[in-house]
Amino acid sequence: MADLTNIAMAVEAWSDFKREAACQMADDIIDEFGLTLEDVEAMKQFQCIGTDDDKEIIWFIEDELKERANA
């Protein structure tokens, strides 16, 4: 039988890695393009933005922009 505890820990590690990568990508996109929350709202209306992955990175971008605004 598989060691389910170690498998669960590996899955959790992936989640942490993915979150860190998404946060870094959001930072990079914001800094490279000078994005604002208004820009993101307009971009969300684009027909090409619609996959779950698109929505996920948009969430990270919005979250980072809101954090920066409150800092």
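Quick caveat, the model's predicted, so the values are computed rather than measured.

With respect to helix 1 (residues 4-33)
So, point 1. Given a rise of 1.5 Å per residue, 30 residues ought to cover 44 Å, and the 43 Å separating the end C-alpha atoms of helix 1 matches this to within 8%.
So, point 2. Those residues of helix 1 that sit buried are Ala22, Ala26 and Ile30.
So, point 3. Buried residues in helix 1 make contact with helix 3 (52-70).

Some thoughts on a nonpolar patch on the surface
So, point 1. On the surface, a cluster of nonpolar side chains totalling about 280 Å² of accessible area is made up of Leu4, Ile7 and Val11.
So, point 2. Looking at the element boundaries, Ile7 is found in helix 1.

Focus: the nonpolar core
So, point 1. Listed in full, the 10 residues of the largest apolar core are Ala22, Ala26, Ile30, Leu35, Val40, Ile57, Ile58, Phe60, Ile61 and Leu65.
So, point 2. Sorting the residues of this core by element identifies helix 1 and helix 3 as the ones contributing at least two each.
So, point 3. The contacts of Leu65, once residues within four sequence positions are left out, are Ile30, Leu35, Thr36, Leu37 and Val40.

Here we look at the confidence of the model for the protein chain
So, point 1. Here the protein chain averages 93 in pLDDT, while 99% of its residues score no lower than 70.
So, point 2. Element-level mean pLDDT values for the protein chain span from 94 in helix 1 up to 96 in helix 2 (residues 37-43).

Examining helix 3
So, point 1. With 19 residues, helix 3 extends 27 Å from end C-alpha to end C-alpha; this agrees with the ideal 27 Å at 1.5 Å per step.
So, point 2. When helix 3 is considered as a whole, its buried residues turn out to be Ile57, Ile58, Phe60, Ile61, Glu62, Glu64 and Leu65.
So, point 3. If you follow the buried residues of helix 3, they end up packed against helix 1 and helix 2.

Digging into the packing of aromatic side chains
So, point 1. Enumeration according to the criterion identifies 2 aromatic pairs in this entry.
So, point 2. On the basis of an interplanar angle of 35° and a centroid distance of 5.8 Å, the ring pair of Trp14 and Phe17 is categorised as tilted. Of this pair, Trp14 and Phe17 both sit in helix 1, separated by 3 residues, roughly a single helical turn. By the burial criterion, Trp14 is exposed, and Phe17 matches it.
So, point 3. The interplanar angle of 90° and the centroid separation of 5.1 Å between the aromatic rings of Trp59 and Phe60 together place this pair among those described as edge-to-face.
So, point 4. Judged by relative accessible area, which is 49%, Trp59 ranks as partly exposed.
So, point 5. Looking at Phe60, the relative accessible area reads 12%, which means it is buried.

About the cut-offs
Residues numbered from 1 in each chain as written. Predicted model: local features only at pLDDT ≥ 70, side-chain atom pairs only at ≥ 80, totals over all residues. Heavy atoms only, no water. Helix = DSSP H or I, 4+ residues; strand = E, 2+ residues; numbered from the N terminus. Expected span 1.5 Å × (residues − 1). Buried < 20%, exposed > 50% of the residue type's maximum accessible area, 1.4 Å probe, protein only. Contact = heavy atoms within 4.5 Å. Patch = residues over 30% accessible without salt bridge, like charges linked within 9 Å, V, L, I, M, F, W, Y side chains within 5 Å. Areas by Shrake-Rupley, 256 points an atom, 1.4 Å probe, with all protein chains shown as cover. Salt bridge = Lys/Arg side-chain N within 4 Å of Asp/Glu carboxyl O. Core = buried A, V, L, I, M, F, W, Y, C linked by side-chain atoms within 4.5 Å. pLDDT = per-residue confidence, 0-100. Phe/Tyr/Trp six-rings, centres within 6.5 Å; stacked < 30°, edge-to-face > 60°.

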